[in-house]
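If you want the building blocks of each chain, they are given just below.
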Amino acid sequence: MFTWNSTKANPGPNRTPSQDSPANRKRTVLIGTAVSVEQLHHILKCVEQPPFVVGCLLPAIAVNQAKVPLPILGSFDELGESIAHHVLEQALVSLPMAMAPQIAKLGQIGRAHV
């Protein structure tokens, strides 16, 4: 999991969002394969205070073919643009350790946008 702070996601002093509203939960992107993103999304629905999942990032080869229950924001390479465009506060990554170099690259991209 990668997290960072974004003042843009703050609901502001005049708003008092309910605990369940998207404004009061971390804006999150799920990153992984179509299968792992779907599984992670299902697990997060069972969490008492789940994050607000904006969408997902998938491997480039799967972006146009995948069927997942979330908006597809793009490929892994679009993490930086997605952070800025969707005011994301954290990324939950579910990838096999065989993809360790890609996981490290995603961490670098996330940290570069803090």
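Before reading further, recall that the structure is shown in the block above.
Heads up: these notes are all about the structure in this document. The model shown is predicted, which means the values in this text are computed figures rather than measured ones.

### Considering the side chain of His-41
Phase 1: Within the secondary structure layout, His-41 lies in helix 1 (residues 34–45).
Phase 2: Look at His-41 and you get buried, because its relative accessible area is 14%.
Phase 3: Excluding residues that lie within four positions of it along the chain, His-41 makes contacts with Leu-30, Pro-69 and Leu-70.

### Section: the environment of His-85
Phase 1: Relative to the helices and strands, His-85 is located in helix 2 (residues 79–86).
Phase 2: For the pair His-85 and Leu-73, spaced twelve residues apart in sequence, the C-alpha separation works out to 10.0 Å.

### Brief notes about the packing of helix 2 against helix 3 (residues 100–112)
Phase 1: The N-to-C vectors of helix 2 and helix 3 enclose an angle of 35 degrees; their axes lie 9 Å apart at closest approach. At the point where helix 2 passes helix 3, the crossing takes the right-handed sense. Taken together, the residues of helix 3 that come into contact with helix 2 (itself represented by Leu-79, Gly-80 and Ile-83) are Leu-106, Ile-109 and Gly-110.
Phase 2: Broken down by class, the residue content of the contact of helix 2 with helix 3 amounts to four nonpolar, two polar and no charged.

### Considering the environment of Glu-38
Phase 1: Along the chain, the position of Glu-38 falls in helix 1.
Phase 2: For Glu-38 and Pro-69, which are 31 residues apart along the polypeptide, the C-alpha to C-alpha distance reads 6.7 Å.
Phase 3: Contact partners of Glu-38, with chain neighbours within four places excluded, come to Lys-67 and Pro-69.

### Focus: the pairing of strand 2 (residues 27–32)
Phase 1: Counting buried positions over the six residues of strand 2 gives five, a clear majority of the element.
Phase 2: Here strand 2 runs beside strand 3 (residues 52–58); their pairing, made up of five bridges, is parallel. Considered in strand 3, the bridge of Thr-28 is made with Val-53.
Phase 3: Sheet topology note: the strand 2/strand 5 (residues 90–94) ladder contains five bridges and is parallel. When the bridges of strand 5 are listed, Val-29 appears paired with Ala-91.

Rules used in this analysis
- Residues numbered from 1 in each chain as written.
- Predicted model: local features only at pLDDT ≥ 70, side-chain atom pairs only at ≥ 80, totals over all residues.
- Heavy atoms only, no water.
- Helix = DSSP H or I, 4+ residues; strand = E, 2+ residues; numbered from the N terminus.
- Buried < 20%, exposed > 50% of the residue type's maximum accessible area, 1.4 Å probe, protein only.
- Contact = heavy atoms within 4.5 Å.
- Axes fitted to C-alpha atoms, helices over the stretch in contact; angles between N-to-C directions.
- Left-handed = near helix turned anticlockwise from the far one by under 90°.
- Nonpolar A, V, L, I, M, F, W, Y, C, P; charged D, E, K, R; others polar.
- Pairing = 2+ DSSP bridges.

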